[in-house]
Structures are given as structure tokens and as C-alpha cells.
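# Inside the fold
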Amino acid sequence: MIENSVLRELRSIVGREWVHTEPEDLLCYGFDATFRESLPDAVVSPATTEEVSRIMQVAYREEIPVVPRGLGSGLAGGSIPIHGGIVLNLTRMNRILEIDRANMVAVVQAGVVTADLQAEVARHGLYYPPDPSSQRHSSIGGNIACNAGGPHCLKYGVTADYVLGLEVVLADGRILRTGGKTIKRAVGYRLSDLFIGSEGTLGVITEAILRLIPPPKATCTAMAVFPRLNDAGVAVTRILEAGIIPVALEIMDDTTIATVEAHKKMGLPLDVEAILVIETDGEPEQARREIEQIAEICRQNGAREVRVAADEKEGAALMAARKSVSPSLARRRPNKLGEDITVPRSAIPEAVARIKEVSRRYNLPIPIFGHIGDGNLHPNILFDRRDAEEFARVEQAAEAIFRVAMELGGVLSGEHGVGLLKRDFIEENLGPVALEVMRAIKRTLDPKGILNPGKVLPEGGGER
Ligand SMILES: Cc1cc2nc3c(=O)[nH]c(=O)nc-3n(C[C@H](O)[C@H](O)[C@H](O)COP(=O)(O)OP(=O)(O)OC[C@H]3O[C@@H](n4cnc5c(N)ncnc54)[C@H](O)[C@@H]3O)c2cc1C
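What this report covers is the structure whose coordinates are included nearby. Computed from a predicted structure; not experimentally measured.

## Remarks on the pattern of salt bridges
For the structure on display, the rule yields 33 salt bridges. Of the charged contacts in the structure, one is a salt bridge between Asp-172 and Arg-174, with a shortest N-O distance of 2.9 Å. A relative accessible area of 25% places Asp-172 in the partly exposed class. Residue Arg-174 is classed as exposed on the basis of its relative accessible area, which comes to 54%. Taken together, the salt bridges that share partners define one network made up of Glu-9, Arg-61 and Glu-62.

## Notes on the site of the ligand
Neighbouring residues of the ligand: 34 residues in total, closest Pro-68, Gly-70, Ser-73, Ser-134 and Ser-139. At 3.3 Å, a backbone N or O of Gly-78 approaches an oxygen atom of the ligand. Gly-200 has a polar backbone atom sitting 3.4 Å from a nitrogen atom of the ligand. Here the ligand, which alone exposes 980 Å², has 94% of that area covered by the protein. Where the shell around the ligand is concerned, the elements lending two or more residues are strand S3 (66-69), helix H5 (140-146) and strand S9 (204-211). Here the element with the most residues in the shell around the ligand is H5; it accounts for five residues.

So, how was this worked out
Throughout this document, residue positions are counted from 1 along each chain, in the order its sequence is written. It should be noted that, the model being predicted, local features are given only for residues of pLDDT at least 70 and side-chain atom pairs only at 80 or more, the latter also being counted only at that level, while totals for whole chains, interfaces and linings use all residues. Only hydrogens and water are set aside when side-chain values are computed; all heavy atoms of the structure are taken into account. Salt bridge, as used here: a side-chain nitrogen of Lys or Arg that lies within 4 Å of a carboxyl oxygen of Asp or Glu. Whether a residue is buried, partly exposed or exposed follows from its accessible area with a 1.4 Å probe, protein chains only, as a fraction of its type maximum: under 20%, in between, or over 50%, in that order. The near set for a molecule or strand comprises every residue that places at least one heavy atom within 4 Å of it. Here a polar contact is recorded for every N or O atom pair within 3.5 Å, except that within protein the pair must consist of a potential hydrogen donor and a potential acceptor, and residues adjacent in sequence are included only if both atoms are side-chain atoms. Every accessible area reported is derived by Shrake-Rupley at a probe size of 1.4 Å, with residue values counting cover from the shown protein chains alone. Only DSSP runs of H or I reaching four residues or more are called helices, and only runs of E reaching two or more are called strands; each is numbered from the N terminus.

Following this line, the structure appears as C-alpha cells:
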């Protein structure tokens with residue numbers, strides 16, 4: 001519960017209409033893209049960094065939990081207010097403040113929708129590569145807070161690789177500015193990096209300075225169909241050994257193919273173990289030459305069929321199979337738990353085999369797809385939350401998938417973050433010393449433990 005006098009103070013900062021406490025409003029901010037829910041006590045929607053700073057001063061004084069929230073598309077439970085308090089809704093801070101062509105940077109507020117930034121940057125003849133599939137319904141602040149990735153990260157890197165500087169409001173309301181428009185900096189610690197991937201637990205990101213690059217002139221796409229998944233894994237290794245870095249190198253396993261085909265009727269083959277969808281980009285001739293080389297490597301390594309798109313329109317049609325995965329899964333069962341493990345690339349075939357064994361052991365459908373070039377797989381456990389017995393099996397299956405990743409030398413998450421759902425495994429994954437260092441950083445930046453409590457770090461470490 002937040003005292004009425006405190007609510008009045010919050011209203012005086014942002015205006016009456018931007019503080020919500022009615023149950024029907026709170027409901028809208030109590031969930032993300034997972035199946036977990038919890039209500040905040042208030043939703044506060046600031047318009048400026050100054051307002052965020054003043055809200056944090058109040059929350060710090062009163063020791064009220066604050067959960068920063070972008071568009072709530074997170075897949076780790078990160079923006080769910082499990083300890084109540086304030087949900088700090090940053091979607092009003094959605095202005096692109098500057099596109100500086102000479103220095104190839106954009107300065108944006110945290111609530112800008114990623115796809116809006118990409119479109120605006122394109123109008124200036126530039127390119128912002130990080131491309132989470134949720135780009136139309138996630139924010140730059142959320143992308144930075146989770147270090148979001150996407151299909152194009154194999155060639156271009158993840159969100160972290162494009163953050164030159166940040167404006168962050170600290171737990172006590174102080175405003176910190178890190179980095180700047182320069183590409184190189186060697187003055188002190190790289191403070192921006194502290195907040196990238198911190199999932200709202202160390203500060204509220206209010207602005208970002210982002211690196212832009214010239215856009216590729218052409219994109220070429222191919223789809224390769226592999227009767228055996230192992231062969232697809234070998235083909236990926238051979239492609240990269242040949243010195244080609246595709247812009248996207250995506251895999252769909254047999255369960256995923258069947259699920260997409262049932263929903264979309266695209267004519268995908270149902271008697272194979274894997275499909276690779278591959279994109280090259282760059283100068284037109286080079287992109288075309290590389291996709292032909294890749295097609296040949298796939299044929300030599302067990303692909304039954306390789307389709308190379310004649311043009312970008314046909315390429316988009318091939319990529320549509322991969323892009324249809326999420327909506328298709330949603331049709332198969334009422335709920336899904338989308339995991340995000342990353343393993344060394346060479347371990348992908350073994351990881352897939354072991355996850356299929358998990359699927360059999362717990363009797364749950366687990367389509368596996370993802371960014372094979374990065375070693376980043378998205379096994380999605382499909383289930384019906386209303387069935388308590390089934391849900392218990394889901395949690396066991398998720399834990400078994402985490403173990404697969406860790407035993408193969410990988411990590412719990414490649415791009416979605418830890419949030420609430422994976423926090424209890426972070427010590428096992430990173431070790432006790434890493435956890436202690438993270439706790440020390442958390443205590444220094446957030447001594448009262450008000451910023452997104454209960455996320456990333458397991459509870460019970462004294463943070464709150
Ligand atoms: C269909 C679908 C596809 C997806 N595809 C991808 C994908 O390809 N790649 C990928 O990486 N992710 C993907 N995601 C996951 C999700 O979209 C990303 O994690 C995204 O970065 C979250 O952004 P958001 O604005 O929705 O953040 P939210 O969900 O609102 O918040 C996520 C976390 O970031 C924190 N946070 C948000 N804004 C701020 C801020 N300004 N300051 C400090 N902390 C903040 C929150 O506290 C929370 O911990 C997908 C999700 C869905 C539903």
C-alpha cells in the first residue's frame with residue numbers, strides 16, 4: 001500500500017492523470033509476455049527525466065519498490081511487480097531526440113518503440129541493426145535493460161554493441177550520464193555496460209545514445225531442408241569456416257515445422273528434422289555470391305533441397321516461415337514458456353537431442369527454433385496453465401533445459417534476460433563469486449533494494 005499523501009506527491013510531479021491506482025488500471029501493468037502476474041500499488045507514467053528523478057527521490061525516501069517498464073514484452077518476468085509498489089511506465093518518454101548523420105548516432109528516450117527508431121533512422125539513410133522479433137512491441141529502454149538480440153546479431157552484434165552512452169536515474173534520484181557520441185573512450189570504468197542487461201535492478205534508463213551504421217544495399221535469402229538435424233549443424237560450421245558471416249542463420253526443428261505448417265499451410269516438408277533459413281546482405285553481388293556459396297555448402301552437407309530466393313520479395317516469403325513461429329505456437333496450446341539458452345555452436349545438435357529427450361520425459365511438446373549461428377536456441381514448452389499437474393511438469397522441464405545448457409558450457413539466456421523465472425539458477429550458471437560481485441554492485445547502487453526487487457539475483461541476499 002502506498003500512503004495517500006505519497007500518491008498526492010506523485011500526482012504533483014507527473015499530473016493527476018498519470019498516476020493510476022484503480023484495479024482495472026493496475027491489472028494492465030501486472031503481467032508481461034510470460035504467464036506470471038502480480039499487481040502494483042500504483043502505475044506512474046513520467047514524461048521527462050526530471051520527473052523520473054523526482055519520483056525516485058520519493059520512492060527512495062519511502063522505500064517503495066519501483067519496477068521500470070517499457071512495453072511489457074519481456075519473456076523472463078522482469079517487469080512484473082512481485083513486491084507491489086510503483087510500476088514506472090516509460091512509454092510516454094517516446095521521443096527520438098536527434099539523428100546525427102555526421103556522427104552516425106541517434107539520441108532517443110527510453111520509451112521509443114524499436115521499430116519506430118529503425119524506420120526513422122532508415123529515412124535518414126542509416127541503419128540500427130538490433131532486431132528483436134518483438135521490435136514493434138518492445139522499447140529501446142527494455143532492449144537495453146535486457147541486452148536484446150535477434151536474428152541479425154550473428155553479423156551485427158547485440159544491443160550492447162550499439163549503446164554509446166546512457167542517461168540513467170539512480171535509485172536515490174540522482175541523474176547519471178555515461179558515455180557519449182564518441183566511438184572510442186578510455187576514461188574510467190565503462191559505466192554504460194553496468195546498466196546494459198541489468199533488467200531495471202540498478203537504475204532507470206531514460207535516454208540512450210545509439211550507434212548507427214550505413215544500411216546494407218541488398219539481402220539474399222535461402223531455405224535449406226535437412227532430413228537429419230546433425231547435418232544442419234555441420235553445414236552451419238562449414239558456412240562459417242568458409243569465411244561467410246550470414247546476417248541471419250535460423251533453425252526450425254521438426255516439431256516447430258509441424259506447428260507452423262498446421263497453422264500457416266505454407267507447404268513446409270513434414271518428414272525432415274530441420275530447416276535452416278539463411279540471409280546474406282551487403283553489396284548486391286557479394287550477397288548473391290555468398291548465398292549461392294551457402295546453398296552449395298548445404299547441398300554438400302546433407303540438405304535434401306535448397307531454395308534460393310530470386311529477389312527480396314521471394315526472400316521475405318521464405319523468411320515468413322521463421323517469422324510465423326511465435327503466432328503458430330500460440331495456436332497449439334494456451335500457454336508457452338519460451339526459453340532462451342545459448343550453447344557453444346558446435347553443441348547445438350547435442351542440445352537439441354537432449355531437449356527432445358526432456359520433451360519425451362515430461363510428456364510436453366517443445367518446439368525448438370532459434371539463432372543457430374549464435375548457438376542461441378528457443379525451446380518453447382507448450383502447456384495449459386489450468387492443468388496444475390501439467391504445469392508442475394513444465395517447471396521441471398524448464399529446469400532440465402537449463403541443465404542441458406549449463407552442462408554443455410552454455411548460459412541460461414542469450415537475449416531475454418534472467419528476470420524472475422531464471423534467477424534461482426544464476427549462481428549455478430555463473431558461480432558464487434560472480435553472484436557476490438553482482439550483489440555488491442546492487443548494494444552500492446541501490447542500498448535500499450527498491451529497484452525491481454526480486455529480479456535477476458535470487459532473493460535472500462539482503463537486497464530486500
Ligand atoms: C513475440 C515475442 C518475440 C520476442 N523476440 C525477441 C527477440 O527476438 N530477441 C530478444 O532479445 N527478445 C525478444 N523478446 C523479448 C522482449 O521483447 C525483449 O526482452 C525486449 O527487450 C523487452 O522490451 P520491453 O520494452 O517490452 O521491456 P519490458 O518487458 O517492459 O521490461 C523488460 C525488463 O527491462 C526492464 N526495463 C524496461 N525498460 C527499462 C528502462 N527504461 N530502464 C530500466 N529497466 C527497464 C524491466 O524492469 C524488465 O526487467 C520477444 C518477446 C515476444 C513477446
